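Listed here are the chains, written in short residue letters.
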Amino acid sequence: MVDAGTRVHGLTSAEVAARLAADGPNLVTRPQPKRLPARIAAQLADPLVSLLLAAGVVTVLLGDWTDTAIILLVVSLNTAIGVTQQVRADQAIAALDSLRAPSARVVRDGGDVVVPAADLVCGDVVRVEAGDVVPADLTVLDAYRCQVDEAALTGESVPVARAQSEELQAGTVLVTGRAVGRVIRTGARSALGRIASLVATTRSGPTPLQRRLTRLSRVLGAAAVALCLVVFVTGVAAGQPVLLMALTAVSLVVAAVPESLPAVVTLALALGARRMARHRAIPRSLHAVETLGSVTVVAADKTGTLTEGRMAVREAAADGVNYVATGTGYDPAGQVRPRQTQQDLAADGGPLPPAVLELARAGVLCSDATVLPPTAERAWWNAAGDPLEAALVAFAGRCGLDAAALRADAPRIAEHPFDQATRQMTTVHRDGAGYLTVCKGAPETVLATPVVDDADPALPAARRAAAELAEAGLRVLAIAAGTFRQPSNPIAPAGLRVLGVVGIGDPLRPAARDTAATFERAGIRLMLITGDHPATAAHIAGQIGIWEPGDQVGAGNRPEQARDVHVFARTQPEQKLDIVAALQSDGQVVAMTGDGVNDAPALRRADIGVAMGGGTEVARQAADLVLVDDNLATVTSAVAEGRRVYDNIRRFLRYGLAGGMAEIAVMLVGPLLGLAVPLLPGQILWINLLTHGLPGVALGAEPAEPDVLRRPPRSPDEQVLGGGLLRDVLVLGTLLAAVTLTVGWHAARTGWPWQSMVFVTLGLAQLGVALAVRSTRAAGSRWANPGLLAAVAVSAVAQVAAVAVPLLRTLLGTAPLTGAQLATCAGAALVPALLLWLWRTIRSTTHIIRS
């Protein structure tokens, strides 16, 4: 055995150089970032953008530079915003580099040296102490009180002891003790490297919005080209010039396809991202904003997600009385009160009974941890040392005791550190004229002979309390102590007096239960996927209301259970991937939350990965959304924002596609009513520019509907035009076309400039619809999107200016209109908006009555 303080020879410099050349550095391979041309190409590959580029090529060939400029402007704006967002997201600090230990203390050429962790090779002898990050996978040669926090890799919330011949894994952290180990795996072969490989090889698929828009683009493209060919053939057959009809057909393609949709989508997503940021949720990609609105399942990790990620004494029992401790994390501020109100001895703020104070004092003396106050860099209390022992220190503070003063008054003179075999720790202290021996550990060893006497009257109550706390999913520690005239043997404590037991757990976040209820109201299924024990997982799930006694707890090696269970326990990283894949194959849109390295592959595989801001950089790098406040409740706000974004995209489609359909219908039906060419190419483009420009983009900023979190999520298989949207487009388009053609037909019969009146009526009618499709407002609320009103007003003025300003009349081929003619156009244009408003009012009133 190699003692931790003993010098060993280790490798020679020559051996290190040879092995480094053969195996490579102790680094985890990072994926190469995309180059700018690749990013631009990915943006241009969007189906709608591709369709617009094809139309742009046609307009160039036909010499239609106005249409070409409009198309290029929209495409350039969409590409610039998309690329900028990706570049900003990829400027985050490399996750694996930040998690990996920057340096290591290693034995080489017979002496201890500190080298960069990247220079470690297999065979190196490494020394690690409390607080160190394990730089590579090691086999333990010797260990003293070595406990390791493996939560980042395994999800376990409690440190584990490591002894000789066991392994320490790269990326884990020593919380107590020290160890000497020999490197057995480095780089990509280490535990950290294997998980990094899973992350690198796991690819996320297209988001629900991307899939829906891809299908929509194909349908719109085919329909627009077919209809515009009909217009072209019909016009040429009627004797119209071929070039005029070719320009008209291309103009109709641009009108039928909402070319501002990419800009509207991008703006809506960007605004959503900004709103999420105000709620302390940072999206790493724009499409992550909308994807949250499509989520049907939230698969949440336990530690640090549903729980605070900090151990705390939740309950204690002393002298037959059960106590409940309140407070946050390791903050010593809080209260300790008897559980039963009839025993509420401290309700008036008076001192606690001596029994619980003695229990708290003994817990502090038989521990080495301390709690650290908040700093400028960290806004919460933190543990220095074993989190379980830090919980005992915080508990003493909540009992009104000062840990530092307690330790100073009873200095330790001997100790036997925690022993994995006996599962207990013993310390001896000078206490006044005598000596105090304290033993803490597992109830089954501390509350048994020879540590305590079976005749101790406090023993039965302590054993009952230990069983109750264990059933409640808490980690139970029993504490016993005895006063002696001479120092006792810390290795074999005996004849101690039972002081009581404490139940330590990772407290549930205060808002966790309300968050689960919000998910349920929103039709989203909340699942718990953790590496913890099934009993612990079930207890936490029961607390938040997603598990009841008798429900099944899923096993990580049976992902097919994902359809039926709400809780998975003892889950390995690769098994989380399988569970997410099983949910997705069942047609679910999955959001995976987590904070550890072990969560990273599943975060990448999920439709949307949600990382906790206080977690590892690996998780944040793999995620699509980062919660700065580590609060799962923030996800509900993000879901509402995602649904708002998708609603606004559908709102724009309802408005834009109805206008495009109306323009095509006017061009097809107009000649049958004696209107040979109802609209010239330039007039079509002008209407399209005004209606799909500012008003269309402003619709992307509409506020959320009042019931956004009280309705179920959309079906993952629902088309963008599903849910009644196609019906609305057809009805609105028909209504717009009918009103416009009626005005044109009446104007032609009365000798008015019918083409100009058709032009003005169709443009104003579409602008009226933009106001009518806005989101429903809660009773008494203000107009939440004044930008839409301003955009419609500006566009309406520009539409009238097209027949009032001589320069525009020359450019667009319009004729001046009289006041009566303009009034006729405006009056008719109001009809579709008024009918739509009346219909929405009736439907909303009916829904309220039914509910």
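Residues numbered from 1 in each chain as written. Predicted model: local features only at pLDDT ≥ 70, side-chain atom pairs only at ≥ 80, totals over all residues. Heavy atoms only, no water.

## Regarding the overall build of the chain
Selection rule: Comment: elements are numbered from the N terminus, with helices defined as DSSP H or I runs of at least four residues and strands as E runs of at least two. Per-residue accessibility, obtained with a 1.4 Å probe over protein chains only, is compared with the maximum for each type, and a residue is labelled buried under 20%, exposed over 50%, and partly exposed between these values. In this description, accessible areas are obtained by the Shrake-Rupley approach with a 1.4 Å probe, and a residue is regarded as covered only by the protein chains that are shown.
Looking only at helices and strands, one finds 30 helices and 25 strands in the chain. Per-residue burial over the chain gives 53% buried out of 851 residues. In the form shown here, the chain has an accessible surface area of approximately 35200 Å², with 59% of it arising from carbon and sulfur atoms.

## What to know about the pattern of salt bridges
To keep it simple, the criterion reads: We define a salt bridge as a contact between a side-chain nitrogen of Lys or Arg and a carboxyl oxygen of Asp or Glu at a distance within 4 Å.
Taken as a whole, this structure holds 20 salt bridges when the rule is applied. Arg 412 is paired through a salt bridge with Glu 415; the nearest N and O atoms lie 3.5 Å apart. Given the relative accessible area of 27%, Arg 412 is considered partly exposed. Via salt bridges that share partners, Asp 137, Glu 167 and Arg 185 belong to a single interconnected network.

## Examining the environment of Pro 490
Note the threshold: Throughout, a contact is declared for two residues whenever any of their heavy atoms are within 4.5 Å.
One can find Pro 490 in the loop between β18 (475-484) and β19 (497-505). The exposure class of Pro 490 is buried, given its relative accessible area of 12%. When the C-alpha atoms of Pro 490 and Glu 415 are compared, they prove to be 5.7 Å apart, with 75 residues separating the residues in sequence. The residues contacting Pro 490, other than those within four sequence positions of it, are Ala 414, Glu 415, His 416, Thr 426 and Val 428.

## What about the pairing of strand β1 (residues 103-108)?
The following threshold applies: By definition, two strands form a pair when at least two bridges between them are found by DSSP.
Pairing of β1 with strand β2 (residues 111-116) involves six bridges; the strand directions are antiparallel. From the neighbouring strand, Val 107 faces β2, where its bridge partner is Asp 112. If you look at the hairpin formed by β1 and β2, you'll find two residues sitting between the two strands, and Asp 109 has a positive phi there, around 55°. Sheet topology note: the β1/strand β3 (residues 125-129) ladder contains three bridges and is antiparallel. When the sheet's bridge partners are listed, Val 106 is paired in β3 with Val 126.

## Examining the sheet that holds strand β9 (residues 297-300)
Read from one edge to the other, the open sheet built from eight strands follows the order β8-β25-β24-β23-β9-β20-β22-β21, with strand pairing classed as mixed. Because the sheet does not close on itself, it has two edges, and the strands there are β8 (281-283) and β21 (554-555). Where strand β23 (residues 590-594) lies against strand β24 (residues 608-612), four bridges are found, and the strand directions are parallel. In the strand pairing of β24, Thr 593 is matched with Val 610.

## Focus on unusual backbone geometry
The peptide bond linking Thr 449 to Pro 450 adopts the cis configuration, its omega dihedral lying at 5°. Looking at the secondary structure, you find Pro 450 in the loop between α16 (443-446) and α17 (459-471). Unlike most non-glycine residues, Ser 165 shows phi in positive territory, near 80°. Mapped onto the elements, Ser 165 comes out in the loop between β5 (160-161) and β6 (167-168). One non-glycine residue, Asp 319, adopts positive backbone phi at about 55°. Inspection of the secondary structure puts Asp 319 in the loop between β10 (312-318) and β11 (321-327).

## Overview of the confidence of the model for the chain
Inclusion rule: Confidence of the predictor in every single residue is expressed as pLDDT, which spans 0 to 100.
A residue-level look at the chain finds 82% of positions with pLDDT of 70 or above and a mean pLDDT of 81. Within the chain, no element has a lower average pLDDT than helix α5 (residues 95-99), which sits at 38, and none a higher one than helix α13 (residues 354-365), at 96. In the model, residues 1-7 has pLDDT below 50 throughout and makes 19 contacts with residues more than four positions away in sequence or in other chains. Note on residues 89-101: pLDDT is under 50 here. Beyond four places in sequence and across chains, it has 30 contacts.

## Quick word on helix α23 (residues 633-669)
What counts is decided by this rule: Multiply 1.5 Å by the residue count of a helix minus one, and that product is the helix's expected span.
In this model, α23 (37 residues) spans 54 Å end to end at C-alpha, consistent with the 54 Å of a helix rising 1.5 Å per residue. Counting buried residues along α23, 33 of its 37 residues qualify, which places the element largely inside the surrounding structure.

## Observations regarding the packing of α23 against helix α26 (residues 725-750)
Under the convention used in this document: Under this scheme, a helix contributes an axis fitted over its contacting stretch, all axes are lines through C-alpha atoms, and angles between N-to-C directions fall in the 0 to 180 degree range. An angle counts as roughly parallel when it lies under 35 degrees, as roughly antiparallel when it exceeds 145, as roughly perpendicular when it falls between 65 and 115, and as oblique in every other case. Two helices that cross are described as forming a left-handed crossing if the nearer one is turned anticlockwise from the farther one by less than a right angle, and a right-handed crossing if clockwise.
Closest axis-to-axis distance for the α23/α26 pair is 7 Å, and the angle between their directions is 45°. Between α23 and α26, the crossing angle belongs to the class labelled oblique. The chirality of how α23 crosses α26 is right-handed. Residue-level contacts link Arg 650, Leu 653, Arg 654, Leu 657, Ala 658, Gly 659, Met 661, Ala 662, Ala 665, Val 666 and Val 669 of α23 to Leu 725, Asp 728, Val 729, Leu 730, Leu 732, Gly 733, Thr 734, Leu 736, Ala 737, Thr 740 and Leu 741 of α26.

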